[in-house]
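# Coordinate analysis (summary)
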Amino acid sequence: MRDLAARAHRARHWEKWVRSPVGAVPPVREGAWCTICRWHGVRYHGGERCESALCPRCGSIARDRFLVACLAAGQVARRGTAKLKVLETSPRLGPAYRSAMGRWFDYTCSDLDERAHRGQVRIDLQDIDLPDGSFDAVMSSHVLEHVPDTARALSELRRILTPDGSLHLQVPLLQGATTRPSTPEFHGDHTLVQWRFGWDILDAAEDAGFDVTPIAPATFPLPGEDPGAISPEFDVDWLVEAAPHDRLRRLGDLHLDRLAGWRPAYMFVTFEALPRR
Ligand SMILES: [Zn+2]
């Protein structure tokens, strides 16, 4: 009897959460949930890992949900409940994800040439054919490493933001400082990699007129701490050593990290860039 009552109590919590604002963490701190499409269940598909922890409904992986959590904790919290005009550059996810985003935002997705992804608008990040101040927020995830001129792209992204807008930028942050790939590198969608980024992407965004805060999950390690599972693509020692630890903002807590699949933390760093006034 007590079991049944507890189950009904939990079900009511989940129901309430499904209707709560984007970014809200469920009050029942167990199982797995998707802040984007509001699926919840026992566990994600795949392991607890940045490129895994797949939501079976919208297809988002752990880093997609971290990006939306950063946007929710930043721009959504600052601007209240008004539906923000959001542009996402070359999202790799399809209709289920995009319609879930449309529930929270006035959502537009773009692509350069629609070879790798389908977008609603075609834009070249180095020369964006959109008026100044077109969007309240831009999400750009794992795109900038394919763009030859980083400085121009960042300055164009700043131009299309409203003065109180925000850019949330994720790149594969592989090492302490940016270099060119030593041999030709392609990602899964066959696009050439121009840059292996390091923390100086932060300086490039500041030079483009942004104030920048790097955000990481709560378990982001300090030098000498265990960084979690190591991927051979990352120079983790260099990455952790060179991190601007005094500027890093932590999102969530250790418990949330584990449940959300935000592991290993060094793969999730997201740069929040606000147009400097
Ligand atoms: Zn989902």
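Note: the structure precedes this text.
Residues numbered from 1 in each chain as written. Predicted model: local features only at pLDDT ≥ 70, side-chain atom pairs only at ≥ 80, totals over all residues. Heavy atoms only, no water.

Moving on to the sheet that holds strand β10 (residues 270–275). Sheet architecture is open: eight strands sit in the order β5-β4-β3-β6-β7-β10-β8-β9, paired in mixed fashion. One side of each edge strand has no neighbouring strand; the edge strands of this open sheet are β5 (121–122) and β9 (249–251). Across six bridges, the pairing between strand β6 (residues 135–141) and strand β7 (residues 161–170) is parallel. Counted as the bridge partner of Met-139 is His-168 from β7. Helix α2 (residues 62–79) rests against β6, β7, β8 (210–217), β9 and β10 of the sheet, and its axis sits at about 160° to β7. Along the sheet, helix α4 (residues 150–159) contacts β6, β7, β8 and β10; its crossing angle with β7, the most-contacted strand, is approximately 140°. (Pairing = 2+ DSSP bridges. Helix = DSSP H or I, 4+ residues; strand = E, 2+ residues; numbered from the N terminus. Contact = heavy atoms within 4.5 Å. Axes fitted to C-alpha atoms, helices over the stretch in contact; angles between N-to-C directions.)

Attention now goes to the coordination of the zinc ion. In the first shell of the zinc ion, the protein supplies Cys-34 (SG), Cys-37 (SG), Cys-55 (SG) and Cys-58 (SG), at 2.3 Å from the metal. Because the angles between the four donor atoms bound to the zinc ion fall within 99 to 115°, the donor set is best described as tetrahedral. The motif formed by the donor residues of the zinc ion, counted along the single chain, is C-x2-C-x17-C-x2-C. Taken as a pair, Cys-37 in the loop between β1 (32–33) and β2 (40–41) and Cys-55 in the loop between β2 and α2 lie far apart in primary sequence, 18 residues in all. Judged by its relative accessible area of 10%, Cys-37 falls in the buried class. Residue Cys-55 is classed as buried on the basis of its relative accessible area, which comes to 1%. (Donors = N, O, S within 2.8 Å, 3.2 Å for Na, K, Ca; no water. Tetrahedral: all angles 85-135°; square planar, octahedral: opposite > 155°, others 65-115°. Buried < 20%, exposed > 50% of the residue type's maximum accessible area, 1.4 Å probe, protein only.)

Note that the residue after Arg-263, namely Pro-264, is joined by a cis bond; omega there is -15°. The residue Pro-264 is located in the loop between α7 (254–260) and β10 in this model. A positive phi angle, close to 45°, is found at Ser-90, a residue other than glycine. Along the chain, the position of Ser-90 falls in the loop between β3 (85–89) and α3 (95–104). The backbone of His-142 shows a phi angle near 55°, a positive value even though the residue is not glycine. Looking at the element boundaries, His-142 is found in the loop between β6 and α4.

Before going further, it helps to examine the packing of aromatic side chains. Evaluated as defined, the whole model comprises eight aromatic pairs. Look at Trp-39 and Tyr-44: their rings are 5.9 Å apart centre to centre, the planes differ by 45°, and that puts the pair in the tilted class. With respect to burial, Trp-39 and Tyr-44 carry one shared label: buried. Taking the centre distance of 5.7 Å and the plane angle of 70° together, the rings of Phe-66 and Phe-268 count as edge-to-face. Remark: Phe-268 occurs in the loop between α7 and β10 and Phe-66 occurs in helix α2; sequence separation between them is 202 residues. Pair check on accessibility: Phe-66 and Phe-268 agree, each one buried. Through a chain of ring-to-ring contacts, the aromatic side chains of Phe-66, Trp-262 and Phe-268 assemble into a single cluster. A cation sits over an aromatic face here: Arg-38 above Trp-17, 4.7 Å from the ring centre. (Phe/Tyr/Trp six-rings, centres within 6.5 Å; stacked < 30°, edge-to-face > 60°. Lys NZ or Arg CZ within 6 Å of the ring centre and 35° of its normal.)

So, to be careful, I would describe these as geometric facts and stop short of saying anything about function.
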